[in-house]
Amino acid sequence: MKKILVTGGVGQIGSELVMELRRVYGAENVVCGVNRTQPGGRLKESGPWEIVNCTEARQVADVVKKYDIDTIYHLAAILSAVAEAKPNLAWNVNINALYNVLEVAREANCAVFTPSSIGAFGSSTPLDNTPQDTIQRPSTMYGVTKVAGELLCDYYYKRFGVDTRGVRYPGIISNETLPGGGTTDYAVEIYYEAIKQKKYTCNLPAGTFLDMMYMPDALKAAIDLMEADPAKLIHRNAFNVTAMSFDPEIIAAEIKKHIPEFVLDYNVDKVKEGIANSWPNSMDDSAARAEWGWEPSYDLSAMTADMLEVLGKKLK
Ligand code: VAH
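Computed from a predicted structure; not experimentally measured.

**Student:** How would you summarise the side chain of Asn 240 if you had to cite specific residues and measurements?
**Tutor:** If you trace the backbone, Asn 240 turns up in strand β12 (residues 239-240). A polar contact of 3.0 Å, which involves the side chain of Asn 240, links it to the backbone oxygen of Asp 284. Asn 240 has contacts with Phe 121, Thr 130, Pro 131, Gln 132, Arg 168, Met 283, Asp 284, Asp 285 and Ala 288, leaving out every residue within four places of it along the chain.

In structure tokens, the structure reads:
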């Protein structure tokens, strides 16, 4: 049975990935790695956890040795908006920590999943139906770390044989752990505010189309890719994956089908607007579909119904 370490284990994706991996592989086989914040609730009670500051190579090596880890899901990262405000921190976490994880994986023979992002593209990329293989000249520090991360992961595969794989995640929408400092965070916040206030002030303007995905599909993409037959992988770092593309007006209209009195207005964050405008409007994920059977389960309608049902109970 796989022995798995998840870094960034209390983050938006990491906290749910740990629970899903524990369901699939057995709780005792999945270590929740956290930088500082201890896990709480069932995340803490359902399996092992460790303090792992991935910018310290020794800490990564010690946990991998202690639990005989053979697979690392490396989710620890600084997201786009925070990365733009703190570029040095973003480089240290998104690249130096990744380098440490890859070096430990090389020495301990671990497979490594590292998410990239739609942020790995820039305004010179074809932004509609963005191809798997295309120009990647991002103008944000987040995007620079994502492109460099993709190249570093591919290098460790080709040069050292480390089994590295990754996906370019779109904006991820979920109802467990709030995202921290992303440009796509509005697409999570809008559901919470729709239930609490029946109104939302959006920090991205109408017409800003971005790829998005519901968390269950994001978890499925990571696990399915890591279980895929390596002989069928032409690409590795990293695959375009998406489930939907919408702008604030479209998600608001879907919410209004459930909460007719919901009102959307705008107070645009110019930094986030600039970041979002440099990202694809929609991605082509045909390579992931062809090479490892990627297929999302949730569209905007199904996601909205589920988000509002779950949050309706959670926020009561
Ligand atoms: C962000 N949610 O907004 C992250 C993600 C595609 C966006 O990388 O930075």
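We are not done yet, so read on.
**Student:** Describe the domain arrangement of the protein, listing the residues and the values that go with them.
**Tutor:** Split by domain assignment, the protein resolves into domain 1 (4-170 + 214-240) and domain 2 (176-212 + 244-280 + 298-314). For domain 1 and domain 2, the distance between their C-alpha centroids amounts to 25 Å. Facing the 25 residues of domain 1 at the interface are 24 residues of domain 2. Taken together, both faces of the contact between domain 1 and domain 2 bury some 2,000 Å²; the carbon and sulfur share is 64%. The three residues of domain 1 that bury the most area against domain 2 are Gln 12, Ile 118 and Tyr 214, which together make up 34% of that side's buried surface.

**Student:** So what's going on with the packing of aromatic side chains? Residues and values would help.
**Tutor:** Centre-to-centre distance and the angle between the planes together describe a pair of aromatic rings. Applying the stated criterion across every chain yields a total of 10 aromatic pairs. Plain terms: the ring middles of Tyr 155 and Tyr 156 are 6.2 Å apart, the flat faces sit at 70° to each other, and that makes the pair edge-to-face. Residue classification places Tyr 156 among the buried residues on the basis of a relative accessible area of 3%. Ring centres of Trp 292 and Trp 294 lie 6.1 Å apart, and the angle between their planes is 45°; this geometry places the pair in the tilted category.

**Student:** Would you mind going over the site of the ligand in detail, with residue names and values included?
**Tutor:** Taken together, the neighbourhood of the ligand is formed by Leu 79, Ser 80, Ser 117, Ile 118, Tyr 142, Tyr 169, Pro 170, Gly 171, Gly 182, Thr 183, Thr 184 and Trp 279. At a separation of 2.6 Å, an oxygen atom of the ligand approaches a polar side-chain atom of Ser 80. Take Tyr 142: an N or O atom from its side chain is 2.5 Å from an oxygen atom of the ligand. In isolation the ligand has 280 Å² of accessible area, and contact with the protein removes 94% of it. Of the residues belonging to the shell around the ligand, the class tally is six nonpolar, six polar and no charged. Both domains that furnish three or more residues to the shell around the ligand are identified here as domain 1 (4-170 + 214-240) and domain 2 (176-212 + 244-280 + 298-314).

**Student:** Give a detailed account of the nonpolar core, specifying residues and quantitative values.
**Tutor:** Grouped together as the largest cluster of nonpolar side chains are 38 residues, with contacts concentrated most on Ile 173, Tyr 186, Tyr 191, Phe 246, Ile 251, Phe 262 and Met 303. Broken down by secondary-structure element, the contributors of at least two residues to this core are α5 (87-108), α7 (186-196), β10 (199-202), β11 (210-214), β13 (244-246), α9 (248-256), α10 (270-277) and α12 (300-314). Per-element accounting of this core gives the leading share, seven residues, to α7. Mapping this core onto the domain boundaries places at least three of its residues in each of domain 1 (4-170 + 214-240) and domain 2 (176-212 + 244-280 + 298-314).

**Student:** Lay out unusual backbone geometry in plain terms, naming residues and giving numbers.
**Tutor:** In this structure, the amide linkage connecting Asn 237 to the following residue, Ala 238, adopts the cis form with an omega of 0°. With phi around 55°, Asp 68 is a residue other than glycine that occupies positive phi space. Mapped onto the secondary structure, Asp 68 falls in the loop between α3 (57-67) and β4 (71-74). The backbone phi angle of Lys 198 is positive, close to 60°, even though this residue is not glycine. Relative to the helices and strands, Lys 198 is located in the loop between α7 and β10.

**Student:** An account of the pairing of strand β1 (residues 4-7) is needed here, citing residue identities and associated values.
**Tutor:** Judged by which residues are buried, β1 turns out to be covered on both faces: Ile 4 and Val 6 on one side and Leu 5 and Thr 7 on the other are all buried. Note: β1 against strand β2 (residues 30-34), three bridges, orientation parallel. Within β2, the residue paired with Ile 4 across the bridge is Val 30. Between the parallel elements β1 and β2, the chain passes through helix α1 (residues 12-25) in a crossover that is right-handed. Here β1 runs beside β4; their pairing, made up of four bridges, is parallel. The residue bridging Ile 4 from the neighbouring strand is Thr 71, located in β4.

Rules of the game
Residues numbered from 1 in each chain as written. Predicted model: local features only at pLDDT ≥ 70, side-chain atom pairs only at ≥ 80, totals over all residues. Heavy atoms only, no water. Helix = DSSP H or I, 4+ residues; strand = E, 2+ residues; numbered from the N terminus. Polar contact = N/O pair within 3.5 Å; in protein donor to acceptor, adjacent residues only side chain to side chain. Contact = heavy atoms within 4.5 Å. Domains from an automatic or database assignment. Buried area = accessible area lost by both parts, 1.4 Å probe. Phe/Tyr/Trp six-rings, centres within 6.5 Å; stacked < 30°, edge-to-face > 60°. Buried < 20%, exposed > 50% of the residue type's maximum accessible area, 1.4 Å probe, protein only. Near = heavy atom within 4 Å. Areas by Shrake-Rupley, 256 points an atom, 1.4 Å probe, with all protein chains shown as cover. Nonpolar A, V, L, I, M, F, W, Y, C, P; charged D, E, K, R; others polar. Core = buried A, V, L, I, M, F, W, Y, C linked by side-chain atoms within 4.5 Å. Pairing = 2+ DSSP bridges. Right-handed = clockwise from strand over helix to strand, strands pointing away.

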